[in-house]
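Here is what each chain is made of, one letter per residue.
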Amino acid sequence: MAKENLETKFYQLLKDTDREGMDSVIGWLKAEGFEKYPASTGRQKRHGAYEGGLLQHSYNTYTLFKEKNEKYELGLEEDTLRIVGMLHDVCKVGSYTEKKLKNGEQSEKQPFKYETDLPLGHGEKSVYLLMKHGLKLNDKEAMLIRWHMGPYDSAWLDFGASDKVKSVAKEVTALQTADQEAAAYLD
Ligand SMILES: [Fe+2]
Ligand SMILES: [Fe+2]
């Protein structure tokens, strides 16, 4: 899909959710230029290391998460799939800049660098930023976004084993694998 079409579709899918605060979040993302950000620095051949990579990755994660929701009958609502799938990585907004070589050209090996003045972590930073911009998340959505890295999150063991946590374990796995598959095969 051409980038402009994808961008239009992305914002329309979000706008069509019935969620308090979504207009404010969309306004923030547009003002920040969400569609311009990469999804990674490019170091270690990570995914989406190009302008627009974050938009593509976020959409790809949503489509795979939606497929898994149907395949495994997880019962997540469409609004939750969109919010969690498409907004799980908003922590990256504003935190990537071009990595320049001494000669002033952009590095091919690692085209971007990650720098943040809000070091809150990864998933937890996304939750914070969405709530800061007024999005009303439910507990399940907040947990899914927070733990979307699954066992790749260094704090995974803190995820614990309470009944509430167990109630989202399958969904976390679906989201984490959707995220990983998007990065590996689609972005
Ligand atoms: Fe992520
Ligand atoms: Fe991601």
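Residues numbered from 1 in each chain as written. Chains lettered and ligands numbered in written order. Predicted model: local features only at pLDDT ≥ 70, side-chain atom pairs only at ≥ 80, totals over all residues. Heavy atoms only, no water.

(A) The nonpolar core, seen in detail. The biggest cluster of nonpolar side chains holds 46 residues, and the ones touching the most others in it are Leu-29, Phe-34, Phe-65 and Leu-87. In this view, Phe-34 contacts Phe-10, Tyr-11, Leu-29, Leu-54, Leu-55, Ser-58, Met-86, Val-90 and Val-93; residues no more than four positions away in its chain are not counted. (Core = buried A, V, L, I, M, F, W, Y, C linked by side-chain atoms within 4.5 Å. Buried < 20%, exposed > 50% of the residue type's maximum accessible area, 1.4 Å probe, protein only. Contact = heavy atoms within 4.5 Å.)

(B) Here's a closer look at unusual backbone geometry. We note that Glu-73 has phi near 50°; this positive angle belongs to a residue other than glycine. Looking at the element boundaries, Glu-73 is found in the loop between helix H3 (53-71) and helix H4 (78-87). (Helix = DSSP H or I, 4+ residues; strand = E, 2+ residues; numbered from the N terminus.)

(C) Structural view of the coordination of the iron ion (ligand 2). The iron ion (ligand 2) binds to the protein through His-57 (NE2), His-88 (NE2), Asp-89 (OD) and Asp-179 (OD), with metal-donor distances spanning 2.2 Å. Seen from the iron ion (ligand 2), its 4 donor atoms lie at angles of 80 to 174°, and the figure they make is irregular. Sequence spacing among the residues donating to the iron ion (ligand 2) works out to H-x30-H-D-x89-D. Separating the iron ion (ligand 2) from the iron ion (ligand 1) is a gap of 3.4 Å, which Asp-89 spans by donating to each of them. Here Asp-89 is found in the loop between H4 and strand S1 (96-98), whereas its partner Asp-179 is found in helix H8 (residues 169-186), with 90 residues between them in sequence. Under the relative-accessibility criterion, Asp-89 is labelled buried at 2%. (Donors = N, O, S within 2.8 Å, 3.2 Å for Na, K, Ca; no water. Tetrahedral: all angles 85-135°; square planar, octahedral: opposite > 155°, others 65-115°.)

(D) Main features of the coordination of the iron ion (ligand 1). At this site the iron ion (ligand 1) is bound by Asp-89 (OD), His-122 (NE2) and His-148 (NE2), with donor distances of 2.1 to 2.2 Å. All donors of the iron ion (ligand 1) belong to a single chain; written as a sequence motif, their spacing is D-x32-H-x25-H.

(E) Quick peek at the pattern of salt bridges. Within the structure shown, the criterion is met by 11 salt bridges. One salt bridge connects Asp-23 with Lys-15, and the closest N-O pair in it is separated by 3.6 Å. We classify Asp-23 as exposed; its relative accessible area is 55%. Asp-89 is the partner of Lys-92 in a salt bridge, and the nearest nitrogen-oxygen pair spans 3.3 Å. Considered together, Lys-92 and Asp-89 belong to a single accessibility category, that of buried residues. (Salt bridge = Lys/Arg side-chain N within 4 Å of Asp/Glu carboxyl O.)

(F) Focus on the packing of aromatic side chains. Considering all chains together, one arrives at 7 aromatic pairs under this definition. Plain terms: the ring middles of Tyr-59 and Tyr-62 are 6.2 Å apart, the flat faces sit at 50° to each other, and that makes the pair tilted. Placement of the pair is Tyr-59 and Tyr-62 together in helix H3, with a separation of 3 residues, close to one helical turn. For the pair Tyr-59 and Tyr-62, one class covers both residues: buried. Taking the centre distance of 6.1 Å and the plane angle of 70° together, the rings of Trp-147 and Trp-156 count as edge-to-face. Of the residues examined, Trp-147 reaches a relative accessible area of 9% and is grouped as buried. Overall, Trp-156 belongs to the partly exposed group, its relative accessible area being 27%. One aromatic cluster is present, built from ring pairs that chain together Phe-10, Tyr-11 and Phe-34. One residue, Arg-146, lies across the ring of Trp-147, its end atom 3.8 Å from the ring centre. (Phe/Tyr/Trp six-rings, centres within 6.5 Å; stacked < 30°, edge-to-face > 60°. Lys NZ or Arg CZ within 6 Å of the ring centre and 35° of its normal.)

(G) Main features of helix H1 (residues 3-15). Taking 1.5 Å per residue, 13 residues should reach 18 Å; H1 reaches 18 Å between its end C-alpha atoms and fits that length. Those residues of H1 lying buried are Leu-6, Phe-10, Tyr-11, Leu-13 and Leu-14. The arc that holds every buried residue of H1, seen down its axis, measures 155°, which confines them to one face. For H1, the exposed residues set more than 90 degrees away from the buried face come down to Glu-4 and Thr-8. Residues of H1 that are buried make contact with helix H2 (22-32), H3 and H4. (Expected span 1.5 Å × (residues − 1). Arc of directions from axis to C-beta.)

(H) Quick look at the environment of His-148. Counting through the fold element by element, His-148 comes out in the loop between helix H6 (139-146) and helix H7 (163-166). Put simply, His-148 and Gly-85 are 63 residues apart on the chain and 9.5 Å apart in space, counted from C-alpha to C-alpha. Every residue in contact with His-148, bar those within four places of it in the chain, is listed here: His-88, Asp-89, His-122, Gly-123, Leu-175, Gln-176 and Asp-179.

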